[in-house]
Amino acid sequence: MKEWTREERYKKLSDYSDDYMEELAKRVAQSPFRQNYHIQPNTGLLNDPNGFTYFDGKWHLFYQWFPMGAVHGLKHWYHLTSTDLVHWNEEGVALLPDTAYDSHGVYSGSGFVKDGQLHIMYTGNVRTEKWERVPNQIVARMEADGSFTKFLPPAIAGNPEGYTDHFRDPKVWEQQGIYYTVIGAQRTDETGTILMYRSADTVEWELMGEVDAGLPDFGFMWECPDLFEIDGKTVLLFSPQGIEPEGGRYHNIFQTGYVIADDFRMDELKLAHDGFQELDAGFDFYATQTAESPDGRRILTAWMGLPEIAYPTDSEDWAHCLTLPRELSIKDGKLIQKPVRELVALRKAKTVSDAGLLSGEKTIDRDGVNCYELQLELTLPASADRSPVILDLCEDAANDKRFRIILDPASKKITIDRSRCGIPFAEEFGTTRTLAVGQMDHVKLQIFVDTSSIEIFVNDGEGTFTSRVFPQAGETGLSLAAGSTIDYSLELWELA
Ligand code: FRU
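Residues numbered from 1 in each chain as written. Predicted model: local features only at pLDDT ≥ 70, side-chain atom pairs only at ≥ 80, totals over all residues. Heavy atoms only, no water.

Within the chain one finds two helices and 31 strands. Computed over the C-alpha atoms, the radius of gyration of the chain is 23 Å, within 12% of the 23 Å expected from 2.2 N^0.38 for a compact globule of 496 residues. Taken along its principal axes, the extent of the C-alpha atoms in the chain is 70 × 55 × 40 Å. Expressed as a percentage of the 496 residues in the chain, the buried residues total 58%. For the chain, contacts bridging at least 24 residues in sequence account for 58% of all contacts bridging at least 6. About 19,900 Å² of surface is accessible on the chain, with carbon and sulfur atoms providing 46% of the total. (Helix = DSSP H or I, 4+ residues; strand = E, 2+ residues; numbered from the N terminus. Rg over C-alpha atoms; globule rule 2.2 N^0.38 Å. Buried < 20%, exposed > 50% of the residue type's maximum accessible area, 1.4 Å probe, protein only. Contact = heavy atoms within 4.5 Å. Areas by Shrake-Rupley, 256 points an atom, 1.4 Å probe, with all protein chains shown as cover.)

Printed below as a string of structure tokens:
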């Protein structure tokens, strides 16, 4: 594996010729792990979704991008637009680290509409000669030609007293003519928190204080905060770092989760809630961002990856993708995630439509690649023998390699097992993940499989498992097995 020196990681895009970048893109395009319907970088590394906004008849979505290879180097914003959240146009690189206030990276931030123009607020990352970090929160405006004007000096320069230089990822919204932003922060005692600011004009920002989420000692840094309302409740979504595993929870290197409060008052900034909940139960999910659609839906996307983990495509000079967009709602005190309904536009032929009683194992015949949507509904016997049901994806002919989903009615738990799927990676964080569900008499799984990812929606979004997988040639099989008799229905659509 290539070792990147600091100098190489902080070289500018302009230091590379167009020919060099074209060659790199050609090489990346040869990868057997390129996705078909997920947002991925043409070269280099993608991480957080940024600036997700509906503006002027289009969705705008950006991502954190290091163009030259699969390493967290000098970050840019890459821009995409869409009218349907399914088909995306590549608009190219939108923000370069080209000022004294963002010289070492255009870090994460969000979008908002002001005076009829798309604006963003992001963190400009600067490193001094002594390599000390200086975070700047910068507002920029998209002009008619798609270029961005950065308003400098920064809206918020440096970090406020009482907090360290880990201060980033502003998420802005407007409420009754006032602009608000929440920003991820670290207190000087090295615990994570979120600061909230307000502004009448997005030029002068006043620190309102810490958002009191009732979690005074919960990890060392909170990244990518987001605060929004659904059905009159306030949701605070963020990615805390430094949480230790606890039973079946918190097994990824870093977490993403939320708290839900009945109300949130601007004069108190306090969220009373029933506890922090992880948003996704899979292996690769981090740094979420939401946006509101014109019809009032709260749409979420996330980085389908994690920091500080080596992925199999790193040696191919590209890494990561974004998750499918999901619609959020609240049910029984939990966030529900459903794939946005626009995604049906991806469906081509329905190549499997099967239903009946099953006891034993069944191979589901289909030719084709790992690019499909599968819906499985199961009714499990209420009494008698309630042995687990197993669904294998990405199987080879010998069922030696596979991605396994185990539904255990006795414990009401669903487990995913990546231990024998394709190219193994990140095994030091465990090879299974488990989700407890409310009931298991009737279970519904909606699964999106792409070349190198699996997203599972359980019981209409009650839970999700989002994971990268790297199956190799021939690992495309599918089978279902039940120890006792189950009633099932399975439909599969090849996706475009
Ligand atoms: C989260 C994050 C953000 C930061 C960005 C830099 O993955 O660390 O906190 O702004 O990535 O790429």
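Turning our attention to the domain arrangement of the chain. Domain boundaries assigned for the chain yield domain 1 (6-338) and domain 2 (343-495). Taking the mean C-alpha position of each, domain 1 and domain 2 sit 31 Å from one another. Across the contact, 38 residues belong to domain 1 and 38 residues belong to domain 2. When the buried area of domain 1 at its contact with domain 2 is split by residue, Phe33, Tyr37 and Phe283 rank highest and sum to 25% of it. In this structure, the connection of domain 1 to domain 2 is made through two salt bridges. The salt bridge partner of arginine 326 is glutamate 455, with a shortest N-O separation of 2.9 Å. One can count 26 residue pairs in polar contact (both at pLDDT 80 or more) joining domain 1 with domain 2. Of the residues forming the side of domain 1 that touches domain 2, the biggest block, five residues, is contributed by strand 21 (residues 334-339). Residue composition of the side of domain 1 that touches domain 2, grouped by class: 20 nonpolar, twelve polar and six charged. (Domains from an automatic or database assignment. Buried area = accessible area lost by both parts, 1.4 Å probe. Salt bridge = Lys/Arg side-chain N within 4 Å of Asp/Glu carboxyl O. Polar contact = N/O pair within 3.5 Å; in protein donor to acceptor, adjacent residues only side chain to side chain. Nonpolar A, V, L, I, M, F, W, Y, C, P; charged D, E, K, R; others polar.)

Looking at the element boundaries, histidine 60 is found in strand 2 (residues 58-66). Within polar-contact distance, the side chain of histidine 60 engages the side chain of histidine 79 at 2.9 Å. Aside from chain neighbours lying at most four places away, what touches histidine 60 is Gly51, Phe52, Thr53, Phe55, His79, Leu80, Thr81, Leu118 and Met142.

We now examine the UniProt feature "domain: Glycosyl hydrolase family 32 N-terminal" (unreviewed entry) in the chain. As recorded in UniProt, the sites labelled "domain: Glycosyl hydrolase family 32 N-terminal" (unreviewed entry) are residues 38-339. Measuring from the first to the last C-alpha atom of residues 38-339 gives 13 Å, for a span that is 0% helix and 54% strand. (UniProt positions renumbered as here; feature names shortened; annotations may be inferred.)

For the rest of this paragraph, the subject is the nonpolar core. With 53 residues, the main nonpolar core has Ile39, Phe52 and Trp88 as its most contacted residues. Of all elements in the fold, only helix 2 (18-29), strand 1 (44-55), strand 2, strand 3 (76-82), strand 17 (286-292), strand 18 (298-303), strand 19 (318-319) and strand 31 (477-495) reach the threshold of two or more residues within this core. Residue contributions to this core peak at five residues, all from strand 2. For this core, the domains that each give at least three residues are domain 1 (6-338) and domain 2 (343-495). Not counting the four nearest positions on each side in its chain, tryptophan 88 is found in contact with Ile39, Phe52, Trp59, Leu61, Leu80, Thr81 and Ser82. Listed in part, the 39 residues of the second largest apolar core include Leu378, Leu380, Val389 and Ile447. (Core = buried A, V, L, I, M, F, W, Y, C linked by side-chain atoms within 4.5 Å.)

What follows concerns the sheet that holds strand 18. The strand order across the open sheet built from four strands is 17-18-20-21, with neighbouring strands paired in antiparallel fashion. Whereas interior strands pair on both sides, the edge strands pair on one side only; in this sheet they are strand 17 and strand 21. Direction aside, neighbouring strands of the sheet carry axes that sit 40 degrees apart on average. Note: strand 17 against strand 18, five bridges, orientation antiparallel. Pairing of glutamine 289 across the sheet is with threonine 301, part of strand 18. (Pairing = 2+ DSSP bridges. Axes fitted to C-alpha atoms, helices over the stretch in contact; angles between N-to-C directions.)

This next bit is on the site of the ligand. In the neighbourhood of the ligand, the contacting residues comprise Asn47, Asp48, Gln64, Lys75, Tyr107, Ser108, Arg168, Asp169, Glu223, Tyr286 and Trp303. Measuring from an oxygen atom of the ligand, one finds a side-chain N or O atom of aspartate 48 at 2.7 Å. In isolation the ligand has 320 Å² of accessible area, and contact with the protein removes 91% of it. Secondary structure elements with two or more residues in the shell around the ligand: strand 1, strand 5 (106-114) and strand 9 (163-175). For the shell around the ligand, the per-class residue count stands at three nonpolar, three polar and five charged. (Near = heavy atom within 4 Å.)

Glancing now at the pattern of salt bridges. All told, the structure shown has 32 salt bridges when counted by the stated rule. Across the pair aspartate 267 and arginine 265 runs a salt bridge, and its minimum N-O distance is 2.8 Å. You can call aspartate 267 exposed: its relative accessible area is 58%. Given the relative accessible area of 42%, arginine 265 is considered partly exposed. With its nearest N and O atoms 3.2 Å apart, the salt bridge here joins aspartate 441 to arginine 386. Taken together, the residues aspartate 441 in the loop between strand 27 (432-436) and strand 28 (442-450) and arginine 386 in the loop between strand 23 (372-379) and strand 24 (389-395) connect sequence positions 55 residues apart. Connected via shared salt-bridge partners are Asp295, Arg297, Glu327, Arg341 and Glu342.

Here we take up the environment of alanine 94. Looking at where alanine 94 falls in the secondary structure, it is placed in strand 4 (residues 89-95). For the pair formed by alanine 94 and isoleucine 120, sequence separation is 26 residues and the distance between their alpha carbons is 11 Å. Those residues in contact with alanine 94 that lie beyond four places of it in its chain are Phe62, Trp77, Tyr78, His79 and Phe148.

A few words now on helix 2. Compared with an ideal rise of 1.5 Å per residue, which puts twelve residues at 16 Å, helix 2 spans 16 Å between its outermost C-alpha atoms and is within 8% of the ideal. Here helix 2 has its buried residues at Met21, Leu24 and Val28. Each buried residue of helix 2 lies within a common arc of 60 degrees when the element is viewed along its axis, so the set occupies one face. Relative to its buried face, helix 2 has exposed residues pointing more than 90 degrees away, namely Asp18, Asp19, Lys26 and Ala29. (Expected span 1.5 Å × (residues − 1). Arc of directions from axis to C-beta.)

For the rest of this paragraph, the subject is the side chain of aspartate 48. Take aspartate 48: it is sitting in strand 1. Of the side chains with opposite charge, lysine 75 comes closest to the buried, unpaired aspartate 48, at an N-O distance of 6.7 Å. A polar contact is formed between the side chain of aspartate 48 and the side chain of asparagine 47, at a distance of 3.1 Å. Contacts of aspartate 48, omitting those with residues within four sequence positions, involve Phe62, Tyr63, Gln64, Ser108, Cys224, Ala287 and Trp303. (Lys, Arg positive; Asp, Glu negative; His and termini not counted.)

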